[in-house]
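# Geometric and topological summary
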Amino acid sequence: MHPIIVLVHSPLVGPATWEPVRIELRQRGLQAAVPILRDDAASGDPYWRQHVASVVATMRGAPAGQPLVLVGHSGAGALLPALGAALARPVAAYLFVDAGIHADGLSRLEVMIAEDAPFAHGLLAHLEAGGRYPEWTDEQLQDAIPDDALRAAVIAEMRPRGLDFFNEPIPVPAGWPDAPVAYMQFTASYDVPAARAREQGWPVREIEGSHFLMLIDPETVADAIVSLTQRS
């Protein structure tokens, strides 16, 4: 039984970031899904738990026992270990895509400080002053996403978050990783986690480009997903 490739978008944006790759994979005869991460700040549940529950609910209809390849872009990387534990089905591989690699019980901000301290400290000051992130404008994303329609779709789904989101601790279950892991890097911002992946002996693929390369060159990204998850 071939695995379903589950493309998990960052909680800071939406499913539009993965849609071109999902289409590309489907055209190759592969099963692919893009769950929508949903949350409600008023629920009282941690954001990460709500996001994991969103993926679990989406995949509930998949055939029992069918394995999954879990692919997390950017802020979705922090969710991959918890997802593997919650889905109650075999995981064939994990793939981090221009994403941080989480450590048990740390917050997103704590991981960012370890991986990119100047950015993290600037973000913390902004959030402590009552700011939210991201609040990208159309102009700010023009280089990263040159296509007007795709850029508009990403901006429409953007989810600016406050300090509570970035400060919540996120678990990594004992015994993780329980399946092969690989890493795909687009930008220098993720040099530290990419280096950590190499230290762990995980396959690493560098594809120089925008943080949203999946929108610009879905064919190349789809090639890398298939290649890395078969090698890992």
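You'll find the structure just up there.
A short tour of the structure in this document, coming up. Predicted, not measured: the structure shown is a model, and the values here were computed from it.

## Focus on the overall build of the protein chain
A count of helical and extended segments in the protein chain gives 10 helices and 6 strands. Taking the principal axes of the C-alpha coordinates as reference, the protein chain spans close to 50 × 40 × 35 Å. A burial count over the protein chain gives 52% of its 232 residues as buried. Partitioning the contacts of the protein chain with sequence separation of at least 6, the portion at a separation of at least 24 is 71%. About 10,100 Å² of surface is accessible on the protein chain, with carbon and sulfur atoms providing 52% of the total. In the protein chain, which carries 16 positive and 28 negative side-chain charges, the distance between the mean positions of the two groups comes to 9 Å.

## Focus: the packing of aromatic side chains
Throughout the structure, instances matching the rule amount to 11 aromatic pairs. When the centroid spacing of 5.4 Å and the interplanar angle of 70 degrees are considered together, the rings of Tyr47 and Phe165 count as edge-to-face. Separated by 118 residues along the polypeptide, Tyr47 in helix α2 (residues 47–59) and Phe165 in helix α7 (residues 163–167) bring together distant segments of the chain. Across the pair, Phe165 and Tyr47 agree in class, each one buried. Their ring planes at 80 degrees and their centres at 6.0 Å tell us that Tyr133 and Trp136 sit as a pair that is edge-to-face. Connected via pairs of aromatic rings, a cluster forms that spans Tyr47, Phe119, Tyr133, Trp136, Phe165, Phe166 and Phe212.

## Overview of the environment of Gly44
Among the structural elements, Gly44 can be located in the loop between β2 (32–33) and α2. What makes Gly44 exposed here is its relative accessible area of 62%. Sequence separation between Gly44 and Asp148 is 104 residues, and the spatial gap between their C-alpha atoms is 37 Å.

## A short note on the nonpolar core
Val6, Met59, Leu70, Leu83, Leu87, Tyr94 and Phe96 are the most contacted members of the largest nonpolar core, which totals 35 residues. Elements supplying a minimum of two residues to this core: β1 (4–8), α2, β3 (68–73), α3 (80–86), β4 (91–97), β5 (181–185) and α8 (191–199). Ignoring sequence-local partners within four residues, the contact set of Phe96 consists of Gly72, Gly77, Leu80, Ile101, Trp176, Val181, Ala182, Tyr183, Met184 and Trp202. Grouped together as the second largest cluster of nonpolar side chains are 23 residues, Ile5, Leu7, Trp18 and Val221 included.

## Describing the pattern of salt bridges
Counted according to the given criterion, the structure contains 8 salt bridges. One salt bridge connects Asp39 with Arg161, and the closest N-O pair in it is separated by 2.8 Å. Of this pair, Asp39 sits in the loop between β2 and α2 while Arg161 sits in the loop between α6 (148–157) and α7, placing them 122 residues apart in sequence. Pair check on accessibility: Asp39 and Arg161 agree, each one buried.

## Description of the layout of surface pockets
Using a probe with the size of a water molecule, rolled over the atoms, empty space left in the structure can be pinpointed. Approximately 710 Å³ is the volume found for the largest pocket. The wall of the largest pocket is formed by 29 residues, among which Ser74, Phe119, Tyr133, Tyr190 and His211 lie closest to the centre. Contributing elements (two or more residues each) for the lining of the largest pocket: α4 (108–115) and α7. Classifying every residue of the lining of the largest pocket by side-chain character gives 14 nonpolar, 11 polar and 4 charged.

## Section: the side chain of His211
Take His211: it is sitting in the loop between β6 (204–206) and α9 (213–216). Side chain to side chain, His211 and Ser74 meet in a polar contact 3.0 Å long. For His211, the side chain forms a polar contact with the side chain of Asp98, separated by 2.7 Å. Every residue in contact with His211, bar those within four places of it in the chain, is listed here: His73, Ser74, Asp98, Phe186, Thr187 and Tyr190.

## Considerations on the side chain of Gln185
Summarising the element assignment, Gln185 is placed in strand β5. There is a polar contact of 2.7 Å between the side chain of Gln185 and the side chain of Asp191.

## Focus on unusual backbone geometry
Residue Pro134 is reached from Tyr133 by a cis peptide bond, and omega for that bond is 0 degrees. By the secondary structure assignment, Pro134 is in the loop between α5 (117–128) and α6. Positive phi, close to 55 degrees, is recorded for Ser74, a residue that is not glycine. Within the secondary structure, Ser74 sits in the loop between β3 and α3. Phi is positive for Ala88, which is not a glycine, with a value near 55 degrees. Secondary-structure assignment places Ala88 in the loop between α3 and β4. The exposure class of Ala88 is exposed, given its relative accessible area of 73%.

Cut-offs applied
Residue positions are given per chain, counting from 1 as you read along its sequence in written order. Side-chain atom pairs in this predicted model are given and counted only at pLDDT of 80 or more, local residue features only at pLDDT of at least 70, and totals for whole chains, interfaces and linings cover all residues. Calculation of side-chain values draws on the structure's entire complement of heavy atoms; hydrogens and water are dropped beforehand. Numbering of helices and strands starts at the N terminus; helices are DSSP runs of H or I of at least 4 residues and strands are runs of E of at least 2. Burial classification: accessible surface area is computed with a 1.4 Å probe over protein chains only, and a residue below 20% of its type maximum counts as buried, one above 50% as exposed, and the rest as partly exposed. Residue contacts follow a heavy-atom distance rule, with two residues in contact if any of their heavy atoms lie within 4.5 Å. Method for areas: the Shrake-Rupley scheme with a 1.4 Å probe, in which residue coverage is limited to the protein chains shown. A positive count includes Lys and Arg, and a negative count includes Asp and Glu. His and the chain ends are not counted in either. Charge coordinates come from a single atom per side chain, which is NZ of Lys, CZ of Arg, CG of Asp or CD of Glu. A pair of Phe, Tyr and Trp rings is counted when the ring centres sit within 6.5 Å of each other, with Trp represented by its six-membered ring. The angle between the planes then sorts it: under 30 degrees is stacked, over 60 is edge-to-face, the rest tilted. To form a nonpolar core, buried Ala, Val, Leu, Ile, Met, Phe, Trp, Tyr and Cys residues must be joined to one another through side-chain atoms within 4.5 Å. Counted as salt bridges are all cases of a side-chain nitrogen of Lys or Arg within 4 Å of a carboxyl oxygen of Asp or Glu. Cavities and pockets are defined on a 1 Å grid built over the protein atoms alone: a cavity is a set of grid points where a 1.4 Å probe fits but cannot escape, while a pocket is an open set with protein on both sides within 12 Å along at least five of seven lines, and lining residues are those with an atom within 4 Å of any such point. Grid points are joined across faces, edges and corners, and a volume is the space filled by probe spheres set on the points. Residue polarity follows a fixed list, in which Ala, Val, Leu, Ile, Met, Phe, Trp, Tyr, Cys and Pro are nonpolar, Asp, Glu, Lys and Arg are charged, and the others, Gly among them, are polar. In the analysis that follows, any N or O atom pair within 3.5 Å is treated as a polar contact, provided that within protein one partner can donate a hydrogen and the other can accept it, and provided that, for residues neighboring in sequence, both atoms belong to side chains.

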